[in-house]
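Coordinate analysis (summary)
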Amino acid sequence: DARLRGTVTLGHAIGRGTVGLRLAAGGTVIHEHAKPTQSGRSDAVTWQIVPAADLEATVAVGLFGAWGLMMTGGPSLSLDDGAIDGGWVASVGVTWQR
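Anyway, here's the lowdown on the structure attached to this text. The shown structure was predicted, so the numbers you read here are calculated from the model rather than taken from an experiment.

1. Regarding the overall build of the chain
What the chain contains, in helices and strands, is 1 helix and 5 strands. Reading the secondary structure of the chain in the N-to-C direction produces β-β-α-β-β-β. For the chain, the C-alpha radius of gyration of 18 Å lies well beyond 13 Å, the compact-globule estimate for 98 residues. Summarising its shape, the C-alpha atoms of the chain cover approximately 60 × 25 × 20 Å along the three principal directions. By the burial criterion, 26% of the 98 residues in the chain qualify as buried. In the chain, once contacts between residues fewer than 6 apart in sequence are set aside, the share between residues at least 24 apart is 43%.

Here you go:
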C-alpha cells in the first residue's frame, strides 16, 4: 500500500530540536493479489483507494549544520468496505532544514 496525505503540523522549537503534532488526511492506495485458494479464481488482482487519516507525534533533532534526524509515530485509521481499520504508523528519517 501507499499513503497519499495532506498534512498540517504544529511544532515548538526546543534548543536544536523541535517537538510537534502532525494531522494527516487523504487516501491509501491498496494493491491486492489473491491466490487461487482465496478467491476461487486464479490470480485476482485489485487496486483501490480508501479514505484514511493519521495523527502523529514528531520529534526532530538537529545534528550538524542543516542536517538532522526526525522520528514520528501515532495511530492511523482507514475506512475499508464500510469498516474502520486501525493501525500504527511510525517513521525515522534524515532531515535537511535551511
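2. A closer look at the side chain of Thr28
If you trace the backbone, Thr28 turns up in strand E2 (residues 17-34). Here the side chain of Thr28 touches Arg5 through a polar contact of 3.2 Å, side chain to side chain. Leave out the neighbours within four places in its chain, and Thr28 touches Asp1, Ala2, Arg3, Arg5, Gln48, Ile49, Val50 and Ala52.

3. Description of the side chain of Glu56
Inspection of the secondary structure assignment puts Glu56 in strand E3 (residues 44-64). Despite its burial, Glu56 pairs with no opposite charge; the closest candidate is Arg22, at 4.2 Å N-O. Within the structure, the side chain of Glu56 is placed 2.8 Å from the side chain of Thr72, a separation counted as a polar contact. Here Glu56 is in contact with Arg3, Gly20, Leu21, Arg22, Thr72, Gly73, Gly74 and Val89, once residues within four sequence places are set aside.

4. A closer look at the pairing of strand E4 (residues 67-80)
As paired strands, E3 and E4 are joined by 10 bridges and run antiparallel to one another. Its bridge partner being in E4, Ala53 is matched across the sheet by Leu77. Adjacent in sequence and paired antiparallel, E3 and E4 are bridged by 2 residues, among which Gly65 carries a positive phi angle near 60 degrees. For E4 and strand E5 (residues 83-96), the ladder comprises 14 bridges, and the chain directions are antiparallel. Considered in E5, the bridge of Asp80 is made with Ala83. Between E4 and E5, which pair antiparallel one after the other, the connecting turn spans 2 residues, and Asp81 there sits at a positive phi close to 55 degrees.

The rules behind these values
Residues numbered from 1 in each chain as written. Predicted model: local features only at pLDDT ≥ 70, side-chain atom pairs only at ≥ 80, totals over all residues. Heavy atoms only, no water. Helix = DSSP H or I, 4+ residues; strand = E, 2+ residues; numbered from the N terminus. Rg over C-alpha atoms; globule rule 2.2 N^0.38 Å. Buried < 20%, exposed > 50% of the residue type's maximum accessible area, 1.4 Å probe, protein only. Contact = heavy atoms within 4.5 Å. Polar contact = N/O pair within 3.5 Å; in protein donor to acceptor, adjacent residues only side chain to side chain. Lys, Arg positive; Asp, Glu negative; His and termini not counted. Salt bridge = Lys/Arg side-chain N within 4 Å of Asp/Glu carboxyl O. Pairing = 2+ DSSP bridges.

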